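Structural features, examined
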Amino acid sequence: MTDRNPATQSQKDRNIILIEDISKEVRSVGSGSTYEQPAGIDNEVAEFFAQNAKVDNFVVIDDATNRRLRWMIHKRVLSVMVITYFAQTLDKGTINFASIMGIREDTNLKGQEYAWLTTCVYIAILVWEFPTNRLLQRFPIAKYLSFNIAAWGAVLACTAACNNFVGLMVVRTLLGIFECVCQPAFVFLSTMWYTREEQALVIGSFYSMNGFQQCVGGLIAYGIAQIDNAKLKNWQILFTLLGCLTFVWGIFVLWWLPDSPMRATCFSVEDRILMAERVRRNETGIQNKTFKMYQAWEALLDPTVWAIVMISFTNALPTGGLGAFSNIILTAFGFTQLQTYLLAIAQGVIIMAFLFSAAYISKRYDQKLLLAFIYTLPNIAGTIVFLCVQTSSHTKVGLLLAFYCTQGFGAVAVLNLALMSGNVAGRSKQVMASSMVFIAWAVGNAVGPQVFRDDDKPRYTKAFIVHIVIYGVQLAAVIFLRLRLMRLNVLKRKMQNIAASKENGETIDEHLTHKHAFDDLTDKENPDFRYVY
């Protein structure tokens, strides 16, 4: 870390992060100083900067320091997000593996009752999503997250004691309540610790666990399926084992994960300041515990938020059905139980390939919505094959490949979450937008299994027709959102009399001051905010 002259800002090709003159910025982030604290800033954030500010000129984080800071954050924050999300997807997906271990027969499930075991999870999320987002804003994030992890681990283990539909419905509903904290918490952590350029890869890293759990879950399920003559059924062993492991992990998270850069005593004070300053350019702040109603209303009336909500819903509906019925569908194609377990591993690898390729290309070419459009196309192609090709021993390989094509949903989900984290500012607006997005995701996942009707198996033609229509709506929403965000950036620059230097209205280098970055302004209020697409 070195002191430099402000003239060094003009070096465009260097990947450096400028920390503004802290002696000047105290008026924006300092409490207890000679400057007036902005009304909107969080007290803890203001006090942290006021107590630790040094009257230097310009401090620049060079590439080596930035990499060091990023790896320190990866170790404490990203590792927790990745492992926790893996546990969540594995725990939630156990019902899929249990479906061919005998749980339907042992608990006397009939008709649509199995589908309701997935639907009830998302109904619980639908009901509890806003309260859990508000609690995330109000309480220390690490402590609230660890409590929920341990709680859902305990609930998962209790699933082994269920012997009827009612018992399964109760534990699955509780599972949805405790698990729904994960995605909003991780999006919040991404905005708190990572730059907007890094967020797609960060979100892709933990979201890729959707695929990894297919690989590991398939192996675990296959191994447990080999157990004979045990006192517990195979599916009971599966729930008990995974539930206990998750509970222990929740206790570990309480000790390991810092609540925020301000409270991260595992790092030096100097590093904590730099970690906070490196996300200044996000213009989305770090935290604010006060709920501001005007920001909530702004989210409810913002077409940008609604477009992201629509993409969340249209991407989740096919996912919900395919996730719950994938093993049943593969079995219907003519694969044995063992082959179905092993094919789940290949499915997981393909999901991860979609996710990481989308996240990498997004960072490499700074494109999100264009890639969301492209990654929707394989889903459409695979669904058309399902509709047109009859199931037989001669076509099962082709149908399997078509099924793998429909796994592009994960890439779109990652890009959509990156759009939300990068384009919504103001903590209360983020709470409302996050709630809306994940409620839409929950609705899509809840409806998804219900379109796979018991009287429509084994091909489920009606369900796949619904999927085609939904994908068409998704493509329209992607196009609308891209055009809207481009237009909003043009209007922002016109208000600041900044001329466009590219044909699409963008400007290569604007030299924004980012002086309102921690003032808890919404993206509409902050003149320095720029939308990413």
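None of the values given here were measured: they were computed from a predicted structure.

**Looking at the overall build of the chain**
- Of regular secondary structure, the chain possesses 20 helices and three strands.
- The buried share of the chain, reckoned over its 533 residues, is 59%.
- Taking all contacts inside the chain whose residues are at least 6 apart in sequence as the whole, residues at least 24 apart take part in 83%.
- Accessible area for the chain stands at about 21100 Å²; split by element, carbon and sulfur atoms hold 64% of it.

**Here's the deal with a nonpolar patch on the surface**
- Side chains of W116, I123, L126, V127 and W128 sit close together on the surface and give an oily, nonpolar patch of about 430 Å² of accessible area.
- As for its placement among the helices and strands, L126 is situated in helix α5 (residues 113–138).

**Brief notes about α5**
- The end-to-end C-alpha separation of α5 is 37 Å, in line with the 38 Å expected for 26 residues at 1.5 Å each.
- Of all the bends in α5, the greatest, near 50°, is centred on W128, and the proline P131 appears no more than four residues after it.

**Brief notes about the packing of aromatic side chains**
- Counted under the stated rule, the structure contains 20 aromatic pairs.
- Seen in terms of ring centroids, Y122 and W441 are 5.3 Å apart; in terms of plane orientation they differ by 80°. Their pairing is edge-to-face. With Y122 in helix α5 and W441 in helix α19 (residues 427–450), this residue pair connects regions lying 319 residues apart in the sequence. Across the pair, exposure class does not vary: Y122 and W441 are buried alike.
- With 6.2 Å between their ring centres and 80° between their planes, W235 and F239 make a pair best called edge-to-face. Here W235 pairs with F239, and both are found in helix α11 (residues 234–256), just four residues apart, close to one helical turn.

**Digging into helix α20 (residues 461–495)**
- In this model α20 runs 52 Å from its N-terminal to its C-terminal C-alpha over 35 residues, within 8% of the 51 Å that 1.5 Å per residue would give.
- Count one or two residues on from α20 and you reach N497, which has phi positive near 55°.

**Here's the deal with the packing of α5 against α19**
- One can describe the packing of α5 onto α19 by two numbers: an axis separation of 8 Å at closest approach and a directional angle of 175°. The angle between α5 and α19 places the two elements in the roughly antiparallel class.
- Taken together, the residues of the contact of α5 with α19 break down into 17 nonpolar, nine polar and three charged.

**Some remarks on the environment of W306**
- Tracing the backbone through its elements, the reader meets W306 in helix α14 (residues 303–332).
- Relative accessible area serves as the criterion here: at 43%, W306 is assigned to the partly exposed category.
- Along the chain, W306 and L481 lie 175 residues apart, while their C-alpha atoms are 9.4 Å from each other.
- Aside from chain neighbours lying at most four places away, what touches W306 is A299, L300, L301 and M436.

Calculation criteria
- Residues numbered from 1 in each chain as written.
- Predicted model: local features only at pLDDT ≥ 70, side-chain atom pairs only at ≥ 80, totals over all residues.
- Heavy atoms only, no water.
- Helix = DSSP H or I, 4+ residues; strand = E, 2+ residues; numbered from the N terminus.
- Buried < 20%, exposed > 50% of the residue type's maximum accessible area, 1.4 Å probe, protein only.
- Contact = heavy atoms within 4.5 Å.
- Areas by Shrake-Rupley, 256 points an atom, 1.4 Å probe, with all protein chains shown as cover.
- Patch = residues over 30% accessible without salt bridge, like charges linked within 9 Å, V, L, I, M, F, W, Y side chains within 5 Å.
- Salt bridge = Lys/Arg side-chain N within 4 Å of Asp/Glu carboxyl O.
- Expected span 1.5 Å × (residues − 1).
- Bend = angle between axes of the 7 residues up to and from the residue.
- Phe/Tyr/Trp six-rings, centres within 6.5 Å; stacked < 30°, edge-to-face > 60°.
- Axes fitted to C-alpha atoms, helices over the stretch in contact; angles between N-to-C directions.
- Parallel < 35°, antiparallel > 145°, perpendicular 65-115°, else oblique.
- Nonpolar A, V, L, I, M, F, W, Y, C, P; charged D, E, K, R; others polar.

Distances and angles like these do not, on their own, reveal function.
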